[in-house]
Amino acid sequence: MRRLRYIAAVLVCVLFFPVSFAFAQQAHLTLFYTSDTHGHVIADADTLGMDLIRGVYKSTPNALLLDAGDYLFGTPHATLSRGKDIIDLMKITGYFAAAVGNHEFDYGRQTLERRKEEAESPPQPMRMLAANILRENGEPLFSPEASITVDGVKLCLFGLTTEATPIRTRPDNVAGLRFTGALDAAKAMAAKQRAEGCDVIIALSHVGSEKGETVTSLDLARELPEIDIIIDGHSHVTLEQKNDAGKLLVSPGAHGKFLGRLDIRFDKAEKKITAMTNALLDAGKLQTYTPDPAVADALALLAQKSERIHADKLASLATDLAGNHAFVRTREADLGSLCADALRVACGTELALINSGAIRDGLKKGQVSRGDIFIALPYRDKTVRVRVTGEELRRILEHGFAALPEAAGTFPQVSGLIVRVDTQKPAGARVVSLHLENGAQVVPEQEYSLTTNGFVASGGDGYPVFPDKEKTVMDFTLQEAVENYLIQCGTDGYGQESPRRILLQ
């Protein structure tokens, strides 16, 4: 009997060993990811809140938390500390790495370099990654890459930033820097990381998926099958695609509405990914998780800092004024008209124009606070008054309409003008008629006074640099002009009954 028991034990070990060995060779990893939060870190109807993200992340074994860029700028919570509070929050939430987005530069290069030092210092360092941003001497401004081993699997990451950053922020914010081709940088990083024995290669890619970009995330996925996962930002869209090689491209939208979750099965013996499952999680899908109390306390302190500007009510709106990303970038919007009207009144000019990229959110019906305007119009550049000829004005408008029908921050919102645009004509020849609001035709040789925001006046979004003749930089911002305009005239002059100014056909 003793011999039989011994033989049975040996047989069990022999039979069980292959199963246990095979099980030990299977790794299960989870990537949580966000993008384009733009300082939206406190929970509301459209934002999960960093405390909940931390609660989900710390409850999941073998997990990594990542971001694809544009986190430092966009809300009072972010702007009051010029992004420092956001860095502190991301660190205690547990972010391992984040791509550098174009809006990270909106406080200026020196401030961003301070944020980088704070992010990467102990405790709980967060890596800020960009492989295609170079200093004057050719050295990278940020770390190009980072790696970490999770459950025996070596994960390698690198960051990319849109090549259009120099025209997506004020030019002086990126003076002396060179933004190299994202595709070439990605090829070089992927080849290097694969040669170094990386098991899974992840691109944190703030290049976007919109047509009109020099390189998009779709180009990366199509041309670089050696990249296993591309987590994309910049376009404020949700996205999930697999390329022909079975590699995954994902994007989680904007403003913290979704937390992306990507579950990876990896065979350590075969050195390959065997399965990937992606999901976008909203508040309804995360009800079973408990927000982290330490992060919740930090958010409460942050809310107190900006509470004062939200408490200061300025006016009451009779209707919602839409300001969402896609809406204002493809058509005339009442909020855009309000902004242009406010600038025109503030400077006493005949005309006014802003780019739709200056509008980051809408205004809701009812009481409007200074904080609401801060969120809708977060940029703090000074207003500029200038004189332009009718021909110069036409060229400026043609640039604004060139991307149609695609959404673009260049789309102009105007005051004092009636513009008829034929979108079927080629870019550069779409303005078919141009009149003042009183019906008089704009004369090519005649000069007109015009007010715009400093970003456009300095050539932002690729706009032609406004002529220097009689150019005057004012001592107030678009945000301040809108505040004063609302106080003076409430909802009059920009409501739904206002005549259309931009007629698209």
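Before any of the text, the structure's been laid out above.
Calculation criteria
- Residues numbered from 1 in each chain as written.
- Predicted model: local features only at pLDDT ≥ 70, side-chain atom pairs only at ≥ 80, totals over all residues.
- Heavy atoms only, no water.
- Phe/Tyr/Trp six-rings, centres within 6.5 Å; stacked < 30°, edge-to-face > 60°.
- Helix = DSSP H or I, 4+ residues; strand = E, 2+ residues; numbered from the N terminus.
- Buried < 20%, exposed > 50% of the residue type's maximum accessible area, 1.4 Å probe, protein only.
- Pairing = 2+ DSSP bridges.
- Axes fitted to C-alpha atoms, helices over the stretch in contact; angles between N-to-C directions.
- Disulfide = S-S within 2.5 Å.
- Salt bridge = Lys/Arg side-chain N within 4 Å of Asp/Glu carboxyl O.

Undergrad: Any details on the packing of aromatic side chains? Residues and values, ideally.
TA: For the coordinates displayed, the defined rule picks out four aromatic pairs. Pairing Phe-73 with Tyr-107 gives two aromatic rings, centres 5.4 Å apart and planes at 65 degrees, and the pair type is edge-to-face. Of the two residues, Phe-73 sits in the loop between strand S2 (63–67) and helix H3 (76–79) while Tyr-107 sits in the loop between strand S3 (97–99) and helix H5 (109–120), which places them 34 residues apart along the sequence. Judged by its relative accessible area of 4%, Phe-73 is buried.

Undergrad: Tell me about the sheet that holds strand S9 (residues 200–206), and name the residues and values.
TA: Strand order in the open sheet formed by six strands is S6-S7-S9-S10-S12-S11, and the pairing between neighbours is mixed. Single-partner strands in this sheet number two, and they are strand S6 (145–150) and strand S11 (238–242). Sheet twist, expressed as the mean angle between neighbouring strand axes with direction ignored, is 20 degrees. Inspection of the sheet shows strand S7 (residues 153–161) paired to S9 by seven bridges, in the parallel sense.

Undergrad: Could you give an account of the state of the cysteines, with specific residues and numbers?
TA: Following the criterion strictly, the structure yields one disulfide and no others. Between the sulfur of Cys-156 and that of Cys-198 lies a disulfide, 1.9 Å long from S to S. Taking the torsion about the S-S bond as the criterion, the Cys-156 to Cys-198 disulfide, at about -75 degrees, is left-handed. Placement of Cys-156 in strand S7 and of Cys-198 in the loop between helix H7 (182–195) and S9 is noted, with a sequence separation of 42 residues between them.

Undergrad: Account for the pattern of salt bridges, naming residues and giving values.
TA: Two side chains bearing opposite charge may form a pair once their charged atoms approach each other closely. Summed over all chains, the structure comprises 28 salt bridges. Of the charged contacts in the structure, one is a salt bridge between Arg-135 and Glu-113, with a shortest N-O distance of 3.5 Å. Note that Arg-135 is positioned in the loop between strand S5 (133–134) and S6 and Glu-113 in helix H5, a separation of 22 residues in sequence. Given a relative accessible area of 27%, Arg-135 falls into the partly exposed group. A residue is classified by how much of its surface remains accessible, and Glu-113, at 21% relative accessible area, is partly exposed. When the shortest N-O distance is used, the salt bridge between Arg-222 and Glu-223 registers 3.9 Å. Relative accessible area serves as the criterion here: at 38%, Glu-223 is assigned to the partly exposed category. Three or more residues are tied together by salt bridges with common partners; here these are Arg-109, Glu-113, Arg-135 and Glu-136.

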